[in-house]
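Architecture at a glance
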Amino acid sequence: MYGPALMDLDPVAEPDGHRLPRDATGPGPGLDARLAAALERSGHALRVLLWDQAKAHGLSPIQVQLLLHLAGQPPDRRRVGQLAAELDVRAPTVSDAVTALRRKGLVDAAAVEGDRRGQLLALTDRGARLADQLAGWQEQVVGELARFDEQDKARTLQLLLDVIAALQERGVVTVARMCTTCRFFARDVAPGDAHPHRCLLLDAPLAPAELRVDCAEHRPVS
């Protein structure tokens with residue numbers, strides 16, 4: 001992950017005699033690579049937090065993710081195939097994790113009417129209580145973000161959503177129910193306004209800080 005950011009090491013002379021990698025002299029591909037590396041490090045930190053929560057409760061990270069998804073998703077997204085798409089993993093991986101969660105008494109499965117092989121997953125009472133405990137696994141990151149300027153965070157949110165949307169278009173990300181991938185999202189209909197975007201479904205203006213990462217009313221762009 002770090003190779004592209006560090007490979008271009010042609011030294012450039014600075015006025016004070018120090019030598020800097022050419023990559024450090026300005027924006028361009030070098031900056032893009034450093035941003036990608038920073039995102040990877042952020043993702044690593046989040047994975048560490050998720051691992052810590054998983055180990056504390058005797059679970060694997062994917063089992064934690066499944067509990068959180070089952071706690072927050074509507075019934076039509078609680079099947080193995082849909083959950084595999086949500087997590088960008090193979091269906092057998094989800095099936096194995098669900099089997100383990102059922103053994104632990106955290107998840108139940110009910111037959112789907114009209115589908116002999118289909119199963120609709122749901123949390124047990126014990127699973128729901130555990131999901132509530134796990135819901136704050138990102139609190140350390142959220143606490144750090146609270147220290148930063150709101151406008152900077154709003155711009156960063158929109159940038160990240162645009163990057164994820166582009167990755168979804170390329171097939172890297174399977175599911176992304178964000179404003180920037182929704183047919184009802186109208187971008188920059190009021191340039192210069194504090195609420196430059198608009199949700200056509202709700203007929204409501206949107207500020208960059210109000211863009212949604214996971215919207216229940218999301219409809220993908222055809």
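Structure: see above.
Because the structure is a prediction, the values reported are computed rather than measured.

**Overview of the pattern of salt bridges**
Applying the stated criterion to the full structure yields nine salt bridges. Taking the shortest distance from any N to any O, the salt bridge between D214 and R177 comes out at 3.0 Å. You can see D214 sitting in the segment after β7 (204-206) and its partner R177 sitting in the loop between α8 (150-169) and β5 (185-186), a full 37 residues away along the chain. Under the relative-accessibility criterion, D214 is labelled partly exposed at 44%. A salt bridge links E217 to R212, with the shortest nitrogen-to-oxygen separation between them at 3.4 Å. Accessibility expressed as a relative area gives 36% for E217, which makes it partly exposed. Residue classification places R212 among the partly exposed positions, given a relative accessible area of 39%.

**Some details on unusual backbone geometry**
Even without being glycine, D188 reaches a positive phi, approximately 50°. Positionally, D188 belongs in the loop between β5 and β6 (197-199). Phi is positive for D203, close to 50°, though the residue is something other than glycine. For D203, the position within the fold is in the loop between β6 and β7.

**Examining the sheet that holds β5**
Reading across the sheet, the three strands line up as β5-β6-β7 and stay open at both edges, with antiparallel pairing between neighbours. Both edges of this open sheet fall to β5 and β7, since each of them pairs with a single strand only. Across three bridges, the pairing between β6 and β7 is antiparallel. Pairing of R198 across the sheet is with P205, part of β7.

**So, the packing of helix α4 (residues 80-87) against helix α5 (residues 91-103)**
Look at α4 against α5: their axes get within 8 Å of each other, and the N-to-C directions meet at 110°. Taken as axis vectors, α4 and α5 run roughly perpendicular relative to one another. Regarding α4 and α5, the two cross each other, and that crossing is right-handed. Contacts between α4 and α5 involve V80, L83 and A84 on the former and, on the latter, A91, V94 and S95. Among the residues making up the contact of α4 with α5, the classes are represented as five nonpolar, one polar and no charged.

**Observations regarding a nonpolar patch on the surface**
A grouping of L159, V163, L167 and V172 is seen on the molecular surface, where their side chains present a nonpolar patch of about 310 Å² in accessible area. Checked against the element boundaries, V163 lands in helix α8.

Quick notes on the rules
Numbering of residues starts from 1 in every chain and runs along the sequence as written. Where totals are concerned, whole chains, interfaces and linings use all residues; where local detail is concerned, this predicted model gives features only for residues with pLDDT of at least 70, and gives and counts side-chain atom pairs only at 80 or more. With hydrogens and water stripped out, all remaining heavy atoms of the structure feed into the side-chain values. Definition used for salt bridges: Asp or Glu carboxyl oxygen within 4 Å of a side-chain nitrogen of Lys or Arg. Numbered from the N terminus, helices here are DSSP runs of H or I no shorter than four residues, and strands are runs of E no shorter than two. Think of it in three bands: residues with accessible area under 20% of the maximum for their type are buried, residues over 50% are exposed, and the middle band is partly exposed, with areas taken using a 1.4 Å probe on protein chains only. Paired strands, as defined in this entry, are two strands with at least two bridges between them according to DSSP. Comment: axis = line fitted to C-alpha atoms, over the contacting stretch for helices; angle = value between 0 and 180 degrees taken between N-to-C directions. For classification purposes, an angle smaller than 35 degrees is called roughly parallel, one larger than 145 roughly antiparallel, one from 65 to 115 roughly perpendicular, and anything else oblique. Crossing handedness follows the turn of the near helix against the far one: under a right angle anticlockwise gives a left-handed crossing, and clockwise gives a right-handed one. Here, two residues are considered to be in contact whenever any of their heavy atoms come within 4.5 Å of each other. Three residue categories are used. Nonpolar comprises Ala, Val, Leu, Ile, Met, Phe, Trp, Tyr, Cys and Pro, charged comprises Asp, Glu, Lys and Arg, and polar comprises the others, including Gly. Patch membership needs two things, relative accessible area over 30% and no salt bridge, and members are linked within 9 Å if like-charged or within 5 Å if nonpolar (Val, Leu, Ile, Met, Phe, Trp, Tyr). We get accessible surface area from the Shrake-Rupley algorithm with a probe of 1.4 Å; when it comes to residues, only the shown protein chains can shield them.

Without other data, these values stay purely geometric and don't point to any function.
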